[in-house]
Structures are given as structure tokens and as C-alpha cells.
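Observations on the three-dimensional arrangement
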Amino acid sequence: MADTPDRDRTLPPQYDPAGEQDIYTLWERSGYFNPDKLPDAGEPYTIIMPPPNANAPLHLGHALFVTVEDIVTRYQRMRGRKALWLPGFDHAGFETQVVFEKKLDKEGRSRFGMQREEFYKEVWDFVQSNKHLSEHGLKRLGSSCDWSRAMFTLDERIVKIVYETFAMMYRDGLVYRGNRTCNWCPKHQTNLANLETKYEERTDTFYYFKYGPFTIGTARPETKFGDKYVVMHPDDERYKDYVHGQKLEIEWINGPLTATVIKDAAAEMEFGTGAMTITPWHSAVDFDIARRHNLAMEQIIDLRGKLLPIAQEFAGMKIGEARSKIVEKLKEKGLFVEEKTDYKHNVQTCYKCNTIIEPQVMPQWYMAMTKPIPSSATQDGLPAEALAKAGRPSLRDMAVAAIEKGEVEIVTERFRKVFMHWMENLEDWSISRQIWWGIPIPVKYCEDCNEIILDIEDKAAACPKCGSGKLRQDPDTFDTWFSSGQWPFAALMAQKEGQKDFETYFPTQLMETGWDILFFWVARMIMFSYYRTGKPPFAQVYLHGLVRDKDRQKMSKSKGNVVDPLGVIDTHGTDALRFALVFSTAAGNDIPLAEDKIKGMRHFANKLWNIARFVLANAEGIQIHDIEADGGTLEAFKMIGRVARLKKEVILHLDALRLHEAAQELYQFVWYEYADKYIEESKKELQDEVSKGFRQQELLQTLLELITLLHPFMPFVTETIYQEMRKRGALPIEEPEFLMIRQW
RNA sequence: GCGCCUUUAGCUCAGUGGUAGAGCGUUUCGUUGACAUCGAAAAGGUCGGAGGUUCGAUCCCUCCAAGGCGCACCA
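Now for a look at the structure at hand. (Residues numbered from 1 in each chain as written. Chains lettered and ligands numbered in written order. Predicted model: local features only at pLDDT ≥ 70, side-chain atom pairs only at ≥ 80, totals over all residues. Heavy atoms only, no water.)

1. Notes on the pattern of salt bridges
For the structure on display, the rule yields 54 salt bridges. With a shortest N-O distance of 3.0 Å, Arg323 and Glu222 are connected by a salt bridge. Remark: Glu222 occurs in the loop between β8 (214-218) and β9 (229-232) and Arg323 occurs in helix α7 (residues 319-332); sequence separation between them is 101 residues. Residue Asp479 is joined to Arg433 by a salt bridge in which the shortest nitrogen-to-oxygen separation is 2.8 Å. Remark: Arg433 occurs in strand β17 (residues 432-433) and Asp479 occurs in the loop between β21 (477-478) and α11 (480-484); sequence separation between them is 46 residues. Looking at Asp479, the relative accessible area reads 2%, which means it is buried. One salt-bridge network, in which partners are shared between bridges, spans Asp36, Lys82, Asp146, Arg149 and Asp501. (Salt bridge = Lys/Arg side-chain N within 4 Å of Asp/Glu carboxyl O. Helix = DSSP H or I, 4+ residues; strand = E, 2+ residues; numbered from the N terminus. Buried < 20%, exposed > 50% of the residue type's maximum accessible area, 1.4 Å probe, protein only.)

Now the structure itself:
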């Protein structure tokens, strides 16, 4: 339209998401992501971002959490709150090390051939570059978080806080060194927490062998070399002639040995023959039996999963290949009774590599979950009733009380139940890992007297007990959740001196994360926070589900169904992706996300754009003013009244974190009420010179209200429209520079 | 073993104590200015089954069926 006088005033008929980055730059430069810069902001509203793992590119899961947290942050900001959304990145210890080792493997290298410092340095660089990529991705998603406060879980100030907590807990006896069965992954060469293992059903062969006068059953003949205890239930009539402690000379795999009869209720009468031998070094159940009766234990399998010299001719063999050979030998010796090949049982495996966990007895650090916290520890913030009820509460009790009291609200009832059920069965948490990437455990051991020396400043030169100068640094690192569990208070405490962030922004209001890390992370954050600060870390927990593909399949690289959020943004725009992620998505439910849905939401963004185009083209040169002052039409008040009612609904939904309902109401109102009915009517009204002026006002005012309500969901298209209105002088001068900070 | 969840239109999912909604899809019609990334209209559901509470249930309770999930775990 070369002959149109106001050519630059004609908006293109399609919304172009390519301009999103410019809008983001404007926001960022404005400084308003930093709540301290917000004019006249009221009470703080804080969300601590679950720090993305700095080991991989962003996926749709990130897009989802960003969308939800950004909607809430923008909403609260527009409601006058001093809204802080604090970003960060997680070094993600074991996870990152696994990713990095895979990378090494591809290059034909291995960490076992590297110096620890060299390895650490390479992972550090890898993580730094990933952090930059992630930050860029988060920005493209429209995150209105305060980058000036961004933190990394390995920042010196964070580590210091983590160490302080460890020291406090050590003095309170809440972390301790325990020498017992741990979950050893022979592939990754580290101990794992129970949560980091899973059970897989396998069908194996179950063998019966003659063990002196008994027939014992086992699925693992290869562990049985050292078995010199035979256990049965005290009430088992079949074995009533044998007494506890009785010695028997028997013939076993590698010759004669003296066996001892143990009576223990752990042996189930219904299982197998009711008689079993035990291998305490490689089974937690057996370990408990051995400890109850003070029995000897011996290691049979080394840390790589190979048999030790006790296995004689089998020594050095991988347990897998040794099994059949050992059975063969027992057959030759006439000790074999029978085998059943349909034995179904669950084997514990590493959650990362599926390798079968080989229980090993070795010293690890543990956190006591159910032990009463000594009265010297911080307990101020606990509700009095909860304290009374719990007596001297443990870490677990504090978390349970927090939920029961409602100091921490888990938004969906379903997850509250799941949480409580998990808390009931809580066992001590093993927090040490034999990996290199992570926060080192700040402990030294005296080589001469074995004294444990807590040394959080790395200054100890001599053993305080025996004076020896021979100290050995604990080579292990913390479970990454030990540090991220402290994140809500640590990320605020570690900010610049004088900013008083912890005082201002803690406790936070909302924790938004995936339900899959409810136990790993949320539960631990609650416990750490009460312990360290006496307060809950957050008032509410909103759990989102997994983003799946259109066939409800989990997205994974191996299936090749991974959708790259940045690719989606390139084709459909951030707003379309964001709206698709919250539309029709109730909290906690998984989200099947088809491209069609994103496309549909892109149509909506475009619809909004064209609504604005129509309104602006038909209200050229008009500035919004108070219609009531000059007596508007009845229609106008009806429309404005309806928008006011819509706003009330949206506020109710958003306050209750029903983002999907707010989104649906807005969608339907904008499209079916405002566009299809009101704008269609307006075409006639605008022809009428008498009603024209009012109608222009109504159209503009309604548009401004609607983009305001939609802004948290679709920040880019709404801000673009707002800036266009501003440029054209449609907005009164008292309106703010950005829609982002316009108050509802 | 302990516990949790789901079952609503062809598909994917919202929702409510008073006889149901959206997106996508389907059918028919309609394009000289907001938008074909559109408009007008339509088809399509006894809200898994049985029983109960209620004046009234898809929504509350019980049982059943199918599917899914979490925790724990016996040699």
C-alpha cells in the first residue's frame, strides 16, 4: 500500500514472534526484573527457581516450569507485589558426572585414567558453557527472573553455607559416619541413596543345595563361599531339634567348615525350605541378622563385581560368569538338590545405568531422619503444637508437622498423600558419594587414631586428639541433593552483603517443580529449612507433571521424540508454546503436547494481534479517558462490567494457582465474546457518528484490560500491542512504560 | 506387601451437587479490508459398571472392572 499516507501505522496482518527478543531486551534493560527497582511495590512474593542442571540443553520440562513460574511472577508483580524470581543453576553432582563420563566414553577416554583435578577442570568448563546456553534459553522463554541475583550451587558463598549446615548437623549428631550396607553401583563406582536405586523384576534360577543336614535355597550361589551361618525361624517346627548357636561340621563349596545355627525371625518359614545361609557383606537383610547376633562378616565380591581370593579358583571372575561354574562344582560334589528356573524377584538397580546394585559394607556418611534433634538446635520457628505433638522432633517430624499444620501446603491433595506416605517409611539418608564432581565433604581423618576431624575451612593441620600430623582428606563428595536441599535459604543468604535478601524474601511463597523430585528435593528442602532457619522454606508447593509426546510417551533421546523448545519457539513463538503448556493442564497431571495444540495457540496469539489491529485502526488518534465522566452508553458499561467480572474470575483462579482455568476463561472471552460478538457489533456502531466516539473508547479500554489480563500468559504479544498503543498515543500519560509493570 | 491416581465428544484433556465444556479432527456454507493462523452453522457424550446418600449425582460414599503410578521388598 504505497499510497497509504500512514504506511508505518498499518500493522502487519500476522503477529511475528521474531520481535520477541527485542521486547525481552527492553524489559531486561528496564531493570524491573529486580524487585528492588519496582516503584511502590508492596509485600514481597518470592519464587526460587529450581536450578536447571547445568549439564544438558533445555527441554520442554524447562519450558513448562518457566511458563508456570513466570506466569505467577508476572501476575504477582502486576498485583503490586515485590516479585522476586531468583534464578540459578545446579552443578547436579552425580547426574553431571554421568553425562560427562558418557561424553568421555565417546572420545575413548575414562575418568579412571585421569587425575581428579584434570577431570574436575574439564567438567567445570563443560558446565560453564551449558550454563550460558541454558540462560539464553530461559530468556527466550520470557523468564522475568532477576538475573542480577543468579546463583550457582558451587558458588563459594553457597558452599560455605552448605558446610555450616553440615557442621551444625555433625555437632547435633544428625549426620554421622556409618559402617553398614550401602548401595554400591559397580559401574559408577559409588554409593547411592535408596532413592537413586530402583527395582526391576527379573526371572532367574533359584537353586537348592545341601548345606550339612539342611537344604538351603539361593538365587546367588556365587556369594555363598563364606557362608558359615544357617538361619531359621525360631518357631519353625521342622528345625526344632537344632538350637541357636549349635555348631555343625559340614562340607561346602571349597571344603569342610564349621557352621553355626542361628534362630532369627527374619527367616520366613514359608519361603523356600525355611532355612538359609547368610552373606552379611552383600545383603542388607543378612547384615541386620549378623549384627543382631554379632556374627562375623567377610567380603566376597570386590568393588568391581569380581570374586575375591576367598573364592579360590573362582577368584577374579565376574560374578555373572562364576555362577554357573560354581553350580557345576556343587553338582560334582553332590551338594546340588534342584533348581527352579521360574523364580521371579525384584533386583535393585542403579537408576542411571540399570546395573545391578551390589550391596557392600563400607563407611559412608548418613543423615539421621528420625533421630530427635537435640534441644540446642534451632527450633524456634516450629509451631508450638507441632513441637508438643512430636516431643523432641526429628527432621522427619518437622517436615510432617509442617504439612499437617499447613505451614507448607502441597497444592494437590494427591501429592500431599504421596508425600506423607513416603515420610512414614523414611530411613536415614546416605549423603556421601565416591564421585569427583561435587562439593567435597569437609572432613579429614587422622591416619594414626582414626579421629574424624570436621574441617570446613580446610585449615586443620594436626589431629586434635593425638596430635598426629598425618591427616587424610575425605575423598568423597556430597549427594547433590544435600546442597540443593538448602537452596531456598542458601540462594538468598549468599546474595550481596547489605542487600538483606534473606531478611526480606524468606520464607518464600512458592516452590514450583516436578512431582518426580518431591522426595529428592522438596522433602529435603523442608527439613533443612526448619533445621537451619526455624521456618518453612516456602508456603506452597505446586507440582507439575511430565511433558509427554502426543501419544503420551515419555520424551527421550532414544525414542527420538524429544521436542526442542527453542525450535518450537522459532516456528510458533514463545507465547504459543507457553499458552499450550498451561491450557487444559491441571496441576500435577502429565501433559501430552502435540504440535497441533501449539499451532492452535499460535492462532490465538494471532487472533489477539488482529483484534488489536482492528481496534487501533478504528480508533486512530483516540486516547483512553474515563468514559463515565462524559456519560458512556449502556453497552459500554455492559462490556466493561463483563471484563471486570472476567478479571475477578481470573484473579480467583490465579490466586488458587489454577492457571489452566484462568487461561481457558481468557481464551474463551477474548475469542467468542470480545472478537466474535463485540467487535462484530462494533463494525456497525462505528458507522454511526453519534455512538462512534464511545465505541472507540470502549474498544480501546477493553483491549487494554484484556492484554493486561493475558500478559502473564502471553507476555510478548501483549507487550508488543501495549507498546504499539503507547506509540500511537492511545494510552494516558500516567500509564507505565511497560505492560509488565502495569497494575491490575 | 503398603499407598496413590485415572476412566467425560473420534483423539488429547478441562470442569461442576441441579441433566456437560475446550483444543484438534469431521460435515455444510461463506472470502473486495482485523484475522483463511478467518467467519456462520452442524454432527457427536445414558460423564467405565453396579449399588447407596440426596428433592436431585458425572461430581459425595461403597463395591467391581480396566489402565497407570509411587514406596518397600524374602534368601
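2. Topic: the protein's contact with RNA strand B
Within the structure, RNA strand B sits among 51 residues, and Gln14, Phe271, Tyr343, Arg552 and Tyr672 are positioned closest to it. Contact distances for RNA strand B include 2.7 Å between a phosphate oxygen and a side-chain N or O atom of Tyr199. Among the elements of the structure, β7 (197-211), β8, β12 (275-277), β13 (336-350), α10 (413-424), α17 (595-618) and α19 (659-685) are those that each provide at least two residues to the surface near RNA strand B. The dominant element in the surface near RNA strand B, judged by the number of residues it contributes, is α19, at 12 residues. Of the residues in the surface near RNA strand B, the class split is 21 nonpolar, 17 polar and 13 charged. (Near = heavy atom within 4 Å. Polar contact = N/O pair within 3.5 Å; in protein donor to acceptor, adjacent residues only side chain to side chain. Nonpolar A, V, L, I, M, F, W, Y, C, P; charged D, E, K, R; others polar.)

3. What to know about the sheet that holds β8
Strands sit in the order β8-β7-β13 across an open sheet of three strands; the sheet is antiparallel. Only two strands of the sheet have a single partner each, and these edge strands are β8 and β13. Looking at each pair of strands side by side, their axes are set apart by 25 degrees on average, direction ignored. Two strands pair when backbone bridges link them, and β7 and β8 are joined in this way by five bridges, in the antiparallel orientation. Bridge pairing links Phe209 to Ile216 in β8. (Pairing = 2+ DSSP bridges. Axes fitted to C-alpha atoms, helices over the stretch in contact; angles between N-to-C directions.)

4. Focus on the side chain of Glu512
Along the chain, Glu512 falls in strand β22 (residues 508-514). In terms of polar contacts, Glu512 uses its side chain to reach the side chain of His544, at 2.5 Å. Leaving out residues up to four positions away in the same chain, Glu512 has contacts with Pro50, Phe65, Val68, Glu69, Tyr542 and His544. (Contact = heavy atoms within 4.5 Å.)

5. A short note on the sheet that holds strand β18 (residues 443-446)
Ordered by their spatial adjacency, three strands build an open sheet running β19-β18-β20, and the pairing between neighbours is antiparallel. Strands at the two margins of the open sheet, each flanked by one partner only, are β19 (452-454) and β20 (471-473). Averaged over neighbouring strand pairs, the angle between their axes works out to 35 degrees when direction is ignored. Here β18 pairs with β19 via three bridges, running antiparallel.

6. A look at helix α14 (residues 518-533)
Relative to the 22 Å expected for 16 residues at 1.5 Å per residue, α14 spans 21 Å between its end C-alpha atoms, a close match to the ideal helical length. The element α14 is largely enclosed, with a buried count of 16 among its 16 residues. Once α14 finishes, Gly534 follows within two positions and takes phi at roughly 75 degrees, a positive value. (Expected span 1.5 Å × (residues − 1).)

7. Quick look at α10
With 12 residues, α10 ought to run about 16 Å at 1.5 Å a step, and its terminal C-alpha atoms sit 17 Å apart, in line with that. In this fold, the buried residues of α10 make contact with α9 (395-405), β15 (409-410), α14 and β23 (538-544).

8. Digging into the side chain of Thr718
Mapped onto the fold, Thr718 is located in helix α21 (residues 715-727). With relative accessibility at 0%, the residue Thr718 sits in the buried group. A polar atom in the side chain of Thr718 sits 2.6 Å from the backbone oxygen of Met714.

9. Details of the nonpolar core
Formed by 177 residues in total, the largest nonpolar core has its most connected members in Met367, Ile526, Leu577, Phe579, Tyr674, Phe713 and Met725. The contact partners of Leu577, leaving out residues within four places of it in the chain, are Leu60, Ala63, Leu141, Pro565, Val568, Ile569, Leu593 and Ile598. Residues Val261, Ile301, Phe314 and Ile319 belong to the second largest nonpolar core, which totals 29 residues. (Core = buried A, V, L, I, M, F, W, Y, C linked by side-chain atoms within 4.5 Å.)

10. Overview of a positive patch on the surface
Together, Lys102, Lys106, Lys187 and Lys557 make up a region of like positive charge exposed at the surface. Given the relative accessible area of 79%, Lys106 is considered exposed. (Patch = residues over 30% accessible without salt bridge, like charges linked within 9 Å, V, L, I, M, F, W, Y side chains within 5 Å. Areas by Shrake-Rupley, 256 points an atom, 1.4 Å probe, with all protein chains shown as cover. Lys, Arg positive; Asp, Glu negative; His and termini not counted. Charge placed at Lys NZ, Arg CZ, Asp CG, Glu CD.)

11. Re the pairing of strand β10 (residues 247-252)
By the alternation rule, side chains of β10 split into Leu248, Ile250 and Trp252, which are all buried, and Lys247, Glu249 and Glu251, of which none is buried. In terms of strand pairing, β10 meets strand β11 (residues 255-263) through six bridges, oriented antiparallel. In the sheet register, Trp252 faces β11, and the bridge partner there is Gly255. Counting the residues between successive antiparallel strands, the hairpin from β10 to β11 contains two residues.

12. Focus: the packing of aromatic side chains
This model, assessed by the stated rule, comprises 46 aromatic pairs. Summarising the aromatic geometry, the rings of Tyr170 and Trp365 are spaced 5.8 Å apart at their centres and angled 70 degrees between planes, so their arrangement reads as edge-to-face. With Tyr170 in helix α5 (residues 156-171) and Trp365 in strand β14 (residues 358-367), this residue pair connects regions lying 195 residues apart in the sequence. Geometrically, the ring pair formed by Phe502 and Phe506 is stacked, given 4.8 Å between the ring centres and 25 degrees between the ring planes. A residue is classified by how much of its surface remains accessible, and Phe506, at 7% relative accessible area, is buried. Every member of this aromatic cluster is reached through a ring pair, and the members are Tyr163, Phe166, Tyr170, Trp365, Trp429, Phe478, Phe482 and Phe528. Stacked on the ring of Phe112, the Lys or Arg Arg304 has its end atom at 4.9 Å from the ring centre. (Phe/Tyr/Trp six-rings, centres within 6.5 Å; stacked < 30°, edge-to-face > 60°. Lys NZ or Arg CZ within 6 Å of the ring centre and 35° of its normal.)

13. So, the environment of Cys353
Position of Cys353 relative to the elements: it lies in the loop between β13 and β14. By relative accessible area, Cys353 is classed as partly exposed at 21%. Cys353 sits 166 residues away from Lys187 along the chain, and the two C-alpha atoms are 7.9 Å apart. Not counting chain neighbours up to four residues away, the residues in contact with Cys353 comprise Cys185, Lys187 and His188.

Any link to function would need more than the numbers given here.
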